[in-house]
Amino acid sequence: MSLKETLNWRYTTKEFDPTKKISEADMAEVKNLLRMSPSSVNLQPWHFIIAETEEGKARIAKGTQGFFHFNEPKVTNASAVVLFCAKTDADEDYYQHIADTEDKNGRFPNEDIKNGFLGAVKAFAGIHKYDLKDLNHWMEKQVYLNIGSFLLGVATLGIDATPMEGIDVKALDDEFGLREKGFTALVAVSIGYRAESDFNTTDKTPKSRLPESEIFTEI
């Protein structure tokens, strides 16, 4: 599919076919997609819990009880579910870890460039931590960049997806001990293949977006 065709094909799947499973090869692509996402100063302030087994999906479904019960079938009937988690803090040790990893991967031709990169990471993180006082929100924004890339990326593989903010993040933080590990649940994205009975499929319901004249200013 062309990019335009892919964008028109993908949609927020409301009903998954539980009999259809994502192949091992495509799941490897999915994991690489998560890992290779861009982030500001390459901070990568995320962690992903990937549930492919029935037991794993049942654990994530604990975040769809009570008020969020309507999302439970989207978890249990999907082929897999990715729980996107954000770091709750970042410190000097983490910045150094990022720089050391880049150095190990051959990103820096010399120590001066490595130190310049590390200084930039500390500067931008410091602005958000001390001046704007929104470090947590800034790191969550990086996770949302990943989610946007993820939704389009899986569509290029012919995989359907459903992003869900309608989850009990505290229940999931407790289930996986996330806060003790320095993370918090943010969004769950179910992936798999649409059921023929899904009312929201683009085969049955046309996509609706605001017109270009309303959203673009060309200068």
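A few points on the structure. (Residues numbered from 1 in each chain as written. Predicted model: local features only at pLDDT ≥ 70, side-chain atom pairs only at ≥ 80, totals over all residues. Heavy atoms only, no water.)

A few points about the pattern of salt bridges
Now for step 1: In this structure the tally under the stated criterion is 11 salt bridges.
Now for step 2: Taking the shortest distance from any N to any O, the salt bridge between Lys-57 and Glu-54 comes out at 3.2 Å. Note that Lys-57 and Glu-54 are positioned in helix H3 (residues 54–60) at a spacing of three residues, about one turn of the helix.
Now for step 3: The buried category is assigned to Lys-57, whose relative accessible area is 1%.
Now for step 4: For Lys-170, the salt bridge goes to Asp-174, with nearest N and O atoms at 3.0 Å. You can see Lys-170 and its partner Asp-174 sitting in helix H8 (residues 169–176), four residues apart, about one turn around the helix.
Now for step 5: Judged by its relative accessible area of 46%, Lys-170 falls in the partly exposed class.
Now for step 6: Asp-174 sits in the partly exposed class, given a relative accessible area of 49%. (Salt bridge = Lys/Arg side-chain N within 4 Å of Asp/Glu carboxyl O. Helix = DSSP H or I, 4+ residues; strand = E, 2+ residues; numbered from the N terminus. Buried < 20%, exposed > 50% of the residue type's maximum accessible area, 1.4 Å probe, protein only.)

Overview of the side chain of Ser-79
Now for step 1: Note that Ser-79 resides in the loop between helix H4 (72–76) and strand E2 (80–87).
Now for step 2: Judged by relative accessible area, Ser-79 falls into the buried class, the value being 6%.

Details of the nonpolar core
Now for step 1: Ranked by internal contacts, the top residues of the largest apolar core, which has 23 residues, are Phe-84, Phe-150, Val-189 and Ile-191.
Now for step 2: Of all the secondary-structure elements, those providing two or more residues to this core are helix H2 (24–35), strand E1 (46–51), E2, helix H7 (135–156) and strand E4 (183–192).
Now for step 3: No other element matches H7, which puts five residues into this core.
Now for step 4: Those residues in contact with Ile-191 that lie beyond four places of it in its chain are Phe-16, Ile-22, Met-27, Val-30, Ala-78, Ser-79, Ala-80, Phe-150, Ile-159, Asp-160 and Ala-161.
Now for step 5: Of all hydrophobic cores here, the second largest spans 18 residues; its members include Ile-49, Ile-60, Val-81 and Ala-188. (Core = buried A, V, L, I, M, F, W, Y, C linked by side-chain atoms within 4.5 Å. Contact = heavy atoms within 4.5 Å.)

Notes on a nonpolar patch on the surface
Now for step 1: A cluster of nonpolar residues, Leu-3, Leu-7 and Leu-152, forms a patch on the protein surface that exposes about 260 Å² of accessible area.
Now for step 2: Counting through the fold element by element, Leu-7 comes out in helix H1 (residues 3–9). (Patch = residues over 30% accessible without salt bridge, like charges linked within 9 Å, V, L, I, M, F, W, Y side chains within 5 Å. Areas by Shrake-Rupley, 256 points an atom, 1.4 Å probe, with all protein chains shown as cover.)

A few points about the side chain of Thr-6
Now for step 1: Looking at where Thr-6 falls in the secondary structure, it is placed in helix H1.
Now for step 2: Leave out the neighbours within four places in its chain, and Thr-6 touches Met-1, Leu-152, Ala-155 and Thr-156.

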